[in-house]
Amino acid sequence: MSTLSTPAGAPPAQRRTPVRPARVLLHVFLAGTALAWLAPLLWAVYSALRPYSETSAKGYVSWPDTLNLDNFTNAFEQSDMLHYFGNTLLIAVPAVLLTLFLSSMVAFYVSRFDFRLNLALLLVFTAGNLLPQQVIITPLYRMYLLTDLPGITASGKLYDSALGLVLIHVAFQSGFCAFVLSNYMRSLPHELTEAALVDGASAWRLYWQITLPLCKPAMAALATLLSIWIYNDFFWALVLISTGDNMPITSALNNLSGQYFTDPNLVAAGALLTAIPTLIVYFLLQRQFVSGLTLGSAKG
C-alpha cells in the first residue's frame, strides 16, 4: 500500500478547537460589561458636542443636526480652568511626593528590620484607611480653624489653604501606600541588605541607595493611583476650603452652574476637560503601573 506524503514546506494541519457555549457567554458578558462602563462616557461626549438649544428642542435621545466644540471652549473659559488646574497641581504634586516618601520610610522600617512591634506598627498605619472620612470631619474642621499659621498661609490658618489639603491627603493615603510598599519590600532579597551592612552601610544608605531604587515599579503604580485619587477629590476641598479661588479643579465645575439655570451639556464638556490630566498621567505611567501591581506577586 502506498501512503500519501506531505509536500516539503507545507504547514501541518491545524486542529480547530470547538467553540464552547461557556466561552461564547463569557465573551458576551465581557463585551456587555465594557459597553455598560463606556456608555456614560460616550453619552457625555455626545451631549457635550451638541448645543443645548438643539437638545432642549429635540430631546437627548434624538439624531443631532449640529456637532461642534463650542461647549468645550465655553466651559474652559467660563470656569477659568487654567487657574484651578494650577491650584490642583499645587495640592496634588506635594501630596503625592510626601506620601510616597513617608510611606516608603515606614515600609522600609517594618519590612527590613525585625522587632516585636513590627506588625502592630504597620497595622496602626493601615487602620487609618479604615476610618470613614465623615466620622472625623467635625473635630478636624475645628482643629483646622484653631491652627494658626501666620505668614505661612494666605488665610493665616490651616483652614482654607493648600497646605491643609496636602496634609490631610498625606495622612489618609500613607497607610495604604505603606502597606503596599512593605509587602513589596519583603519580596526583595535580604542578601542585599546583609551584604550592605557587612560593608558598613548606614540605615539611610540601605533605604535610599539600595532598597528604594528596586521599588520603582511599585512607586510608579502608587504614584498613578495617588495622582488620580487626589486629583478627583471633592469632599475635602469642599469642607476645608471656603475661598472660591483656592479650590481645586473638581470645584471649578460649580462655576458652570447658575443660580436658576444649568446647562447640562456645558457641564458635561467641563467634566470631560477635567478628566484629561488623569488620562495623561495613566497613559504615561501605564507600563510601570501594570508591572508594579504584578511584579511583587511573582517573587517568593
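Residue numbers run consecutively from 1 along every chain, following the written order of its sequence. In keeping with the predicted nature of the model, local features appear solely for residues at pLDDT of at least 70, side-chain atom pairs appear and are counted solely at 80 or more, and the whole-chain, interface and lining totals rest on all residues. Only hydrogens and water are set aside when side-chain values are computed; all heavy atoms of the structure are taken into account.

Enquirer: Explain the overall build of the chain residue by residue, including any values.
Expert: Runs of H or I in DSSP of at least four residues are treated as helices and runs of E of at least two as strands, each being numbered from the N terminus. From N to C terminus, the chain includes 13 helices and zero strands. Moving toward the C terminus, one meets the helices and strands of the chain in the order α-α-α-α-α-α-α-α-α-α-α-α-α. For the chain, with 300 residues in total, the buried portion stands at 35%. For this analysis, residues touch if any pair of their heavy atoms sits within 4.5 Å. Nonlocal contacts in the chain, meaning residues at least 24 apart in sequence, comprise 71% of its contacts between residues at least 6 apart. Each accessible area is a Shrake-Rupley estimate made with a 1.4 Å probe; only the visible protein chains count as cover when residues are assessed. Entry remark: accessible area of the chain is about 18,800 Å², with carbon and sulfur atoms responsible for 67%. Partly exposed describes any residue whose relative accessible area lies between the buried limit of under 20% and the exposed limit of over 50%, with all areas from a 1.4 Å probe on protein chains only and scaled to the type maximum.

Enquirer: Describe in detail the packing of helix H4 (residues 81-112) against helix H5 (residues 118-127), supporting the description with residues and values.
Expert: To get an axis, a line is fitted to the C-alpha atoms, and for a helix only the part in contact is used. The angle between two axes follows their N-to-C directions and goes from 0 to 180 degrees. As a packed pair, H4 and H5 sit with axes 9 Å apart at the nearest point and diverge in direction by 155°. For the element pair H4 / H5, the angle class is roughly antiparallel. Along this stretch, H4 crosses H5, giving a crossing that reads as left-handed. Residue-level contacts link Val106, Tyr109 and Val110 of H4 to Asn118, Leu121, Leu122 and Phe125 of H5. Within the contact of H4 with H5, the residues separate by chemical class into six nonpolar, one polar and no charged. Any angle that falls under 35 degrees is termed roughly parallel, while one over 145 is termed roughly antiparallel, one within 65 to 115 roughly perpendicular, and all others oblique. In this scheme the crossing of two helices becomes right-handed for a clockwise turn of the near helix relative to the far one and left-handed for an anticlockwise turn of less than a right angle. Gly falls in the polar group here, along with every residue not listed as nonpolar (Ala, Val, Leu, Ile, Met, Phe, Trp, Tyr, Cys, Pro) or charged (Asp, Glu, Lys, Arg).

Enquirer: Can you break down the packing of aromatic side chains residue by residue, with the values?
Expert: Stacked, tilted and edge-to-face are the three classes assigned to paired rings of Phe, Tyr and Trp, where Trp is represented by its six-membered ring and a pair needs centres within 6.5 Å; plane angles under 30 degrees give stacked, over 60 edge-to-face, the rest tilted. Inspection of every chain in the model, using the stated rule, returns twelve aromatic pairs. Consider the rings of Phe235 and Trp236, whose centres lie 5.1 Å apart with planes at 70°: the pair is edge-to-face. Given the relative accessible area of 24%, Phe235 is considered partly exposed.

Enquirer: Describe the nonpolar core, listing the residues and the values that go with them.
Expert: To define a nonpolar core, start from buried Ala, Val, Leu, Ile, Met, Phe, Trp, Tyr and Cys residues and group those joined through side-chain atoms within 4.5 Å. Leu100, Tyr144, Leu165, Ile168, Trp236 and Ile249 are the most contacted members of the largest nonpolar core, which totals 55 residues. Elements represented by at least two residues in this core include exactly helix H3 (70-78), H4, helix H6 (133-146), helix H7 (162-186), helix H9 (203-214), helix H10 (216-231), helix H11 (235-240) and helix H12 (264-284). For this core, the element with the highest residue contribution is H4, accounting for ten residues. Ignoring sequence-local partners within four residues, the contact set of Trp236 consists of Gln133, Ile136, Ile137, Leu140, Leu165, Ile168, His169, Phe172 and Ile241.

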